[in-house]
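Examining the three-dimensional arrangement
Listed below are the residues making up each chain.
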Amino acid sequence: MTRDLSRLLNPKSIAVIGGGAWCRAVAAQCQKMGFEGEVWPVHPSAATLSGLSVFPDVDALPTAPDAAFIGVNRAATIDIAAQLSARGAGGAVCFASGFLEAQAEDAQGVDHQAALLRAAGDMPILGPNCYGFINFLDGALLWPDQHGGKRVDRGVAIITQSSNIAINLTMQARALPLAYVITAGNQAQCGLSDIGMAVLQDPRVTALGLHIEGIGDLRKFEALAGYAQSLGKRIVAIKVGQSAQAQQATVSHTASLAGRDAGAAALLRRLGIARVADLPTFLETLKLLHVAGPLESNRIATISCSGGEASLAADTGTAAGLDFPPLGVQQKTTLRDVLGPRVALANPLDYHTYIWRDVRAMTAVFAGMADPGIAITLLIVDFPRSDRCDPSDWDCVIEAVIAASQQTGTRYGMVATLPELMPEDVAELLMGHGIAPFSGLKEALMACAHAALPVKSDVEPVHVAGPAVAPVLLAEADAKHLLADHGLRIPLSRRCDGSDQAVSAALEIGFPVALKGEGIAHKTEAGAVRLNLNSCDDVVAAAAAMPVDTYLVEEMITDSIAELLIGVVHDPAHGFILTLGAGGTSAELLDDTVSLLVPARKDAILTAIGTLRMAPILSGYRGKPPAQMDRILDAIMAVQSFVLAHPQGLQEVEINPLMCTRDDAIAADALLRRDVRKD
């Protein structure tokens with residue numbers, strides 16, 4: 001069910017229910033922000049609250065409030081929510097804790113949350129265990145504490161599952177204009193996706209930032225990403241916490257290699273959502289998107305008056321995936337006319353300091369560096385601390401970059417290598433002229449890389465299925481034949497009940513052969529696999545040394561160029577994770593993998609394979625023949641086809657190794673774990 005959050009987030013009237021310090025703070029902050037609507041405190045015995053007249057109960061309010069802050073204990077919260085819902089309130093923030101988030105310590109938490117949802121009915125609620133929100137656009141806030149923000153005309157929206165992180169983000173001194181800061185609490189009713197859809201509808205919101213502990217409803221999250229894309233607005237996410245469910249199974253290498261975070265990472269990448277690693281980069285990326293919007297490419301230029309800064313920018317930017325294209329003829333001509341022969345012309349550019357204070361020359365250099373093929377030009381400038389120094393000598397660089405921006409009509413940014421050396425007033429001045437001010441060199445370059453990520457289009461929904469209840473490991477031969485039905489190439493093989501049958505099978509298949517003990521997942525570690533057996537005696541000796549009674553005899557694939565791993569693990573939080581990487585017995589040691597979500601398209605799979613460290617081997621390394629990539633893709637698509645055809649109760653599938661030859665790709669080993677049931 002999609003609820004209308006417009007009255008709650010953009011209220012004309014706010015009820016503050018409760019009489020403690022938290023409720024007094026809500027009323028006081030509304031007054032401090034200049035909220036122009038009505039603020040109605042509600043308390044059964046108090047006469048005033050923060051200088052405002054108090055109503056004894058919800059029924060005594062002049063009309064149904066657009067938004068209500070419920071600042072009472074959890075039991076009373078349920079009663080108040082029911083009263084507000086009955087009156088037709090626009091929504092409520094439930095501040096109290098002790099609901100589902102406390103179930104580990106309090107078994108009643110689950111029941112209390114269910115009761116709260118019944119009480120709220122169709123009325124939207126944020127929380128519980130929630131600090132509320134601040135609407136800096138309209139000066140409306142249901143926020144029981146101080147904050148560091150101010151009114152803005154437009155800006156970014158930030159939604160977080162952590163109230164304390166939300167408070168800290170409002171205190172940023174980076175000149176990032178905040179339109180909304182909203183906490184979701186334990187998301188009993190309205191989750192990140194519901195709130196995100198609501199704020200994106202506001203045309204004054206330029207970008208959306210999400211602090212995510214858990215995705216929740218995958219379909220809603222996919223819809224949020226699609227809606228943002230339709231509006232031309234980008235989403236930036238900082239994802240913390242890891243899904244323990246993703247490692248339910250540890251039988252396969254895939255389950256270990258995919259890790260707990262692979263599903264979330266693959267989902268965000270699939271949906272074109274920039275995932276950042278830390279809060280400073282989170283804020284700087286949002287700032288760039290607010291000022292300049294998405295970048296058309298990862299091609300940038302940097303300018304500084306220090307060779308050390310130029311080198312640092314090059315190293316840091318390259319590591320972030322940015323490209324510093326060489327200067328073109330026109331750029332060199334323009335720059336040489338201004339700088340003369342004493343400056344080595346390059347990108348990054350060290351323009352030295354002899355033109356400092358010459359605004360006309362500085363403008364010409366900054367403008368001359370711009371080029372249609374460059375997404376943004378960054379000036380590296382650290383300002384002196386104003387309490388001990390005179391910063392007026394830096395006015396020339398501000399004036400010059402503003403003039404260059406107006407002259408060329410291209411994107412510019414100004415970067416302080418140290419975050420504290422970008423004064424907030426300077427940052428605000430630059431933003432007013434459409435120039436992105438960055439606090440921190442690494443954060444600035446990472447922001448450019450994230451803003452240059454291509455937007456995904458026509459993304460298929462992630463395939464979801466119920467988890468396996470009691471998965472069992474299928475025999476390798478059975479697993480291979482099931483996968484072969486979907487197009488996977490497998491070796492010639494025979495199942496045997498003893499060494500005599502194994503010898504007969506080897507003679508039928510032809511030496512050399514491989515002998516495997518059945519019923520063991522990690523055969524190598526258990527001594528249950530022997531390769532390159534060339535005689536009947538070899539087969540008898542190998543069988544006698546294995547701790548099993550039944551065997552699988554297979555033809556040896558002897559001309560492989562590389563060994564790949566193809567694995568799929570069911571993750572209840574994100575669907576099926578498809579992991580591709582270097583295979584064989586050293587798969588976990590090499591740790592050369594990439595993960596996607598099912599279903600994945602061939603072009604996405606091919607791109608993913610290209611990111612592996614072993615990719616050059618597949619392409620033909622140092623004169624060696626290349627592997628047959630079409631057959632590799634066919635094998636991956638065959639595994640995916642099986643997953644899509646048999647998702648219910650499937651826990652994991654793994655091909656390790658896939659033997660990649662000049663002409664083929666053959667599954668030398670297969671593992672399949674799922675519920676024993678008929679499809």
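Structural notes on the confidence of the model for the chain
Caution applies to low-pLDDT regions: their predicted coordinates should not be interpreted in detail. Mean pLDDT over the chain works out to 91, with 96% of the residues at or above the 70 mark. Under a pLDDT of 50 for its full length, residues 243-251 has, in the predicted model, 28 contacts with residues more than four places off or in other chains.

Description of the pairing of strand β25 (residues 562-571)
The buried count for β25 comes to nine of 10 residues, which makes it a mostly enclosed element. With seven bridges connecting them, β25 and strand β28 (residues 650-660) associate as antiparallel partners. Bridge assignment links Leu564 to a residue of β28, and that residue is Leu658. Pairing geometry for β25 and strand β26 (residues 575-582), over eight bridges, is antiparallel. Residue pairing across strands places Val569 opposite Ile577, the latter belonging to β26. Hairpin connection, β25 to β26: the antiparallel pair is bridged by three residues.

Considering the sheet that holds strand β18 (residues 412-416)
Strand order in the open sheet formed by five strands is β16-β15-β17-β18-β19, with parallel pairing between adjacent strands. Edge positions in the sheet fall to β16 (349-350) and β19 (436-439), since each of these pairs with one other strand and no more. Alignment of β18 against β19, held across four bridges, turns out to be parallel. When the bridges of β19 are listed, Met414 appears paired with Pro437. Along the sheet face, helix α13 (residues 359-369) touches β15 (300-304), β16, β17 (376-380) and β18 and points at about 160° away from the line of β15.

With respect to unusual backbone geometry
Geometrically, the link from Gly127 to Pro128 is a cis peptide bond, its omega value of 0° lying close to zero. Across the junction of Phe511 and Pro512, the peptide omega takes the value 0°, indicating a cis bond. Looking at where Pro512 falls in the secondary structure, it is placed in the loop between α18 (499-509) and β22 (513-517). Even without being a glycine, Arg622 presents a positive backbone phi close to 50°. Take Arg622: it is sitting in the loop between α23 (615-619) and α24 (629-645).

Things to note about the packing of helix α6 (residues 192-200) against helix α7 (residues 218-231)
Two elements in contact, α6 and α7, have axes separated by 9 Å at closest approach and are oriented at 15°. Here α7 runs roughly parallel to α6, going by the angle between their axes. As for how α6 packs across α7, the hand of that crossing is left-handed. Between α6, through Leu192, Ser193, Asp194, Gly196, Met197 and Leu200, and α7, the contact on the second element is made entirely by Lys220, Phe221, Ala223, Leu224, Tyr227, Ala228 and Leu231. In the contact of α6 with α7, the residues fall into nine nonpolar, two polar and two charged.

Quick notes on the sheet that holds strand β14 (residues 274-276)
Across the sheet, which stays open at both edges, the seven strands sit in the order β9-β8-β11-β10-β12-β13-β14 with mixed pairing between neighbours. In the strand order of this sheet, the two ends are held by β9 (140-142) and β14, each with one partner. Averaged over all neighbouring strand pairs, the angle between strand axes comes to 15°, with direction disregarded. Bridging between strand β10 (residues 155-160) and strand β11 (residues 178-183) involves five bridges; their strand directions are parallel. Paired with Thr160 across the bridge in β11 is Thr183.

With respect to α13
Most of α13 sits out of view: eight of its 11 residues are buried. Of the residues making up α13, those classed as buried are Ala361, Met362, Thr363, Val365, Phe366, Ala367, Gly368 and Met369. Taken together, the buried residues of α13 touch β15, α12 (329-339), β16, β17, α14 (395-408) and β18.

Topic: the pairing of strand β5 (residues 67-70)
In β5, alternate side chains face the same way, and those of Ala67 and Phe69 on one face and Ala68 and Ile70 on the other are all buried. Pairing analysis gives four bridges linking strand β1 (residues 13-17) to β5, with the strands arranged parallel. Paired with Ile14 across the bridge in β5 is Ala67. Tracing the backbone out of β5, into helix α3 (residues 74-87) and back to the parallel element strand β6 (residues 92-94) gives a crossover that is right-handed.

Section: the pattern of salt bridges
One pass over the structure, following the stated rule, counts 24 salt bridges. One salt bridge in this structure joins Asp66 and Arg7, with 2.9 Å as the shortest N-O distance. Residue Asp66 is located in the loop between β4 (52-53) and β5, and its partner Arg7 is located in helix α1 (residues 6-9); the two are separated by 59 residues in the primary sequence. Among the residues examined, Asp66 registers a relative accessible area of 13% and is labelled buried. The partly exposed category is assigned to Arg7, whose relative accessible area is 32%. Across the pair Glu554 and Lys516 runs a salt bridge, and its minimum N-O distance is 3.0 Å. Taken together, the positions of Glu554 in strand β24 (residues 551-555) and Lys516 in strand β22 put the pair 38 residues apart, joining distant regions of the chain. The network of salt bridges with shared partners includes Glu476, Lys480, Lys516 and Glu554.

Observations regarding the environment of Gln406
Positionally, Gln406 belongs in helix α14. It is 8.6 Å that separates the C-alpha atoms of Gln406 and His433, two residues lying 27 residues apart in sequence.

Describing the packing of α12 against α13
Axis separation between α12 and α13 bottoms out at 9 Å; the angle between their running directions is 165°. For the element pair α12 / α13, the angle class is roughly antiparallel. The hand of the α12/α13 crossing is left-handed. Between α12 and α13, the contacting residues are Gln331, Thr334, Leu335, Val338 and Leu339 on the first element and Ala361, Ala364, Val365, Gly368 and Met369 on the second. Looking at the contact of α12 with α13 residue by residue, the classes come out as seven nonpolar, three polar and no charged.

What counts and how
Residues numbered from 1 in each chain as written. Predicted model: local features only at pLDDT ≥ 70, side-chain atom pairs only at ≥ 80, totals over all residues. Heavy atoms only, no water. pLDDT = per-residue confidence, 0-100. Contact = heavy atoms within 4.5 Å. Buried < 20%, exposed > 50% of the residue type's maximum accessible area, 1.4 Å probe, protein only. Helix = DSSP H or I, 4+ residues; strand = E, 2+ residues; numbered from the N terminus. Pairing = 2+ DSSP bridges. Axes fitted to C-alpha atoms, helices over the stretch in contact; angles between N-to-C directions. Parallel < 35°, antiparallel > 145°, perpendicular 65-115°, else oblique. Left-handed = near helix turned anticlockwise from the far one by under 90°. Nonpolar A, V, L, I, M, F, W, Y, C, P; charged D, E, K, R; others polar. Right-handed = clockwise from strand over helix to strand, strands pointing away. Salt bridge = Lys/Arg side-chain N within 4 Å of Asp/Glu carboxyl O.

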